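One-letter residues, chain by chain:
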Amino acid sequence: MRLRLLPAGTGREARLLLCGRALRAFGDGFVSLLLPVYLKLLGFDDLAIGLLTAATLAGSAILTLLVGFQAHRYGHRLLLLGAAVLMIGTGMGFALETRFWPLLVVGFLGTLNPSSGDVSLFLPLEQTLLAEAASERTRTPLFAAYSLTGSLVAALGALVAGLPELAAGVFASGFFEAVQAMFALYALLGFGSYFLYRRLPPDRPRPRSDAAAAPLGPSRRFVLALAALFSLDAFGGGFIVQSMLALWLFDRFGLSLAAAGSFFFWSGLLAAASFLVAPALARRIGLVNTMVWTHLPSNLLLILAPFAPSLGAALALLLLRSALSSMDVPTRTSYIMAVVTPGERAAAASITSVPRSLAAAASPVATGWLLGLSSFGWPLAAAGALKVVYDVLLLLLFRHRRPPEEM
């Protein structure tokens, strides 16, 4: 698998980072589906679930922003180890606590990821190290491999989300205890991540001038403009983070946890397949065009999904969307890393990824409120419409700023 997915010459450091991404993605895959189920078992309504989901996104955004501005001082390896410790604490907190307010605090301070993509403080650290390990020729394929790894393993994690139902049917243990055990498994994956990151080489010392420099310099205006635009996309995406999309399927169609796991497994596989196509498409039509012309039709499908007359039709539209909606992930990351200076990469990755959590943090609350009023998929229609506007603006504003390999 490694020989096929990774570009030639990929070093040990990049492989360790991809393994760490895989461990976290596996945990994210089942936790994002189990979170609304667990909170329902605890007696919380849809609005409370939306609030807690929003807290996880807001907390991730703030931590990611802090990490992006401090990575050049403390080193990426040390901060990755600290993030792994937070992941351990998050899993244990959700496994042992059942009250709303303590869970809200753990969700805000921890690494829980309710979405299908990576929105954690790990992201800017790993992206920066990957960019440093790649050349201009291998950068986009390496980020595609990074995204592919996350999507494939997250799909397996979604499939594993059905284990509590299976365990409750086979063994004497209750369903509630089985769900709690899955959060303990998430903590164990945090331990695995910690030991992987310990094997990374020590942080390379930077020249004193670099350490004292501001994390953003000549690319500041460009990065802030991208961050503002990404906030629009993120706000739309917050309506349909995986936990809330699963909640809609549970409420609207009575989908079982095992069936939801199967759906998100296939959805993740389709997204993973799109990552293989993205680098070749980007070489042919450019990074920005790839981001826009694959994202736009996926959002039109999202708008249609609430009007589907049956569960099968809704799932079919959502699966088609999954085949197109993620090609912008590796191309977007590669684009950002290409057009800023090396010293700005950690801050640029952090500032442009923070809106995916911070701007999205308000949306799950609205989703929970809307689902409490009606099972119709208004959150999906709103998300699709906002994302269409984002696609159009991205094309108009950034199609002429090209990375070095497209010059």
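None of these values were measured; they are calculated from a predicted model.

So, about the overall build of the chain. Helix and strand content of the chain: 20 helices and zero strands. Expressed as a percentage of its 407 residues, the buried residues of the chain come to 57%. By sequence separation, contacts in the chain at least 24 residues apart represent 87% of the contacts at least 6 residues apart.

Turning our eyes to something else, we now look at the side chain of Asn299. Examined against the element boundaries, Asn299 turns out to sit in helix H14 (residues 287–304). For Asn299, the side chain forms a polar contact with the main-chain oxygen of His295, separated by 3.0 Å. If sequence neighbours within four positions are ignored, Asn299 has contacts with Gly384, Lys387, Val388 and Asp391.

For the rest of this paragraph, the subject is the environment of Leu47. You can see Leu47 is positioned in helix H3 (residues 46–74). C-alpha of Leu47 to C-alpha of Pro364: the two residues are 317 residues apart in sequence and 8.5 Å apart in space. Not counting the four nearest positions on each side in its chain, Leu47 is found in contact with Val365, Gly368 and Trp369.

Attention shifts here to the pattern of salt bridges. Two side chains that carry opposite charge are able to pair once their charged atoms sit near each other. Within the structure shown, the criterion is met by five salt bridges. Taking the shortest distance from any N to any O, the salt bridge between Lys40 and Asp46 comes out at 2.9 Å. Given the relative accessible area of 38%, Lys40 is considered partly exposed. With its nearest N and O atoms 2.8 Å apart, the salt bridge here joins Arg332 to Asp328. Residue Arg332 and its partner Asp328 are both found in helix H16 (residues 328–339); the two are separated by four residues, about one turn of the helix.

The subject of this paragraph is the environment of Gly27. Checked against the element boundaries, Gly27 lands in helix H2 (residues 12–41). Counting along the chain gives 86 residues from Gly27 to Asn113, while the straight-line C-alpha distance between them is 8.9 Å. When neighbours within four sequence positions are excluded, Gly27 is seen to be in contact with Tyr186 and Leu189.

A few words now on helix H11 (residues 220–238). For H11, with 19 residues, the first-to-last C-alpha span of 26 Å sits near the 27 Å given by 1.5 Å per residue. All buried positions along H11 are accounted for by Phe222, Val223, Leu226, Ala227, Leu229, Phe230, Asp233, Ala234, Gly236, Gly237 and Gly238.

Below, the discussion takes up the packing of helix H12 (residues 242–253) against helix H15 (residues 311–325). It is the contact of H12 with H15, at a shortest axis distance of 11 Å, that shows an interaxial angle of 165 degrees. Judged on the interaxial angle alone, H15 and H12 are roughly antiparallel. Judged by the twist between their axes, the crossing of H12 over H15 is right-handed. Where H12 approaches H15, its residues Leu245, Trp248, Leu249 and Phe253 are matched on the opposing element by Leu311, Ala314, Leu315 and Leu318.

Structurally, the position occupied by Ser322 is in helix H15. Not counting residues within four places of it along the chain, the set of residues in contact with Ser322 comprises Ser267, Leu270 and Ala271.

Over its 12 residues, helix H6 (residues 122–133) runs 17 Å from end to end, which matches the ideal 16 Å to within 8%, given 1.5 Å per residue. Those residues of H6 that sit buried are Phe122, Leu123, Pro124, Leu125, Glu126, Gln127, Thr128, Leu129, Leu130 and Ala131.

When pLDDT is averaged along the chain, the result is 84, and 89% of the positions lie at 70 or above. Within the model, the stretch residues 208–213 combines pLDDT values under 50 with three contacts to residues more than four positions away or in other chains.

Moving on to the packing of aromatic side chains. How two aromatic rings sit relative to each other is given by the distance of their centres and the angle of their planes. What the rule picks out here adds up to 17 aromatic pairs. Consider the rings of Phe265 and Trp266, whose centres lie 5.2 Å apart with planes at 75 degrees: the pair is edge-to-face. One aromatic cluster in this structure is built from Tyr38, Phe94, Phe176 and Phe183. Its guanidinium or amino end placed over the ring of Tyr146, Arg21 lies 5.8 Å from that ring's centre, counting from NZ or CZ.

What follows covers the packing of helix H4 (residues 76–96) against H6. The geometry of H4 relative to H6 is characterised by a closest axis approach of 10 Å and an angle of 145 degrees between their N-to-C directions. As H4 packs across H6, the resulting crossing turns out to be left-handed. Contacts between H4 and H6 pair His76, Leu79, Leu80, Ala83, Ala84 and Met87 from the former with Phe122, Leu125, Glu126, Thr128 and Leu129 from the latter. In terms of residue class, the contact of H4 with H6 is made up of eight nonpolar, two polar and one charged.

The rules behind these values
- Along every chain, residues carry numbers that run from 1 in the direction the sequence is written.
- Residue-level local features of this predicted model are given only where pLDDT is at least 70; pairs of side-chain atoms are given and counted only at 80 or more, and the full residue set underlies all totals for whole chains, interfaces and linings.
- Computation of side-chain values: all heavy atoms of the structure, hydrogens and water removed.
- Numbering of helices and strands runs from the N terminus; a helix is a DSSP stretch of H or I covering at least four residues, while a strand is a stretch of E covering at least two.
- The rule is simple: take the accessible area with a 1.4 Å probe, protein chains only, and divide by the maximum for that residue type; under 20% is buried, over 50% is exposed, in between is partly exposed.
- Contacts are residue-level and defined by heavy atoms, with any inter-residue pair within 4.5 Å sufficient.
- Polar contacts, as counted here, are pairs of nitrogen or oxygen atoms within 3.5 Å of one another; within protein the pair requires one atom able to donate a hydrogen and one able to accept it, and residues that are adjacent in sequence qualify only if both atoms are side-chain atoms.
- A pairing counts as a salt bridge when a side-chain nitrogen of Lys or Arg comes within 4 Å of a carboxyl oxygen of Asp or Glu.
- Helix span, expected: 1.5 Å multiplied by one less than the number of residues in the helix.
- In this analysis an axis means a line fitted to C-alpha atoms, helices contributing only their contacting stretch, and an angle means the value between N-to-C directions, from 0 to 180 degrees.
- Orientation is classified from the angle alone, with under 35 degrees giving roughly parallel, over 145 giving roughly antiparallel, 65 to 115 giving roughly perpendicular, and any other angle giving oblique.
- With the far helix as reference, a near helix turned anticlockwise by less than a right angle produces a left-handed crossing, and one turned clockwise produces a right-handed crossing.
- Confidence scores per residue from the predictor, reported as pLDDT, run from 0 to 100.
- By convention, a stacked pair of Phe, Tyr or Trp rings (six-membered ring in the case of Trp) has centres within 6.5 Å and planes under 30 degrees apart, an edge-to-face pair has planes over 60 apart, and any other such pair is tilted.
- Two conditions define a charge sitting above a ring: the NZ of Lys or the CZ of Arg must be within 6 Å of the ring centre, and it must be within 35 degrees of the ring normal.
- Residues are grouped as follows: Ala, Val, Leu, Ile, Met, Phe, Trp, Tyr, Cys and Pro are nonpolar; Asp, Glu, Lys and Arg are charged; every other residue, Gly included, is polar.

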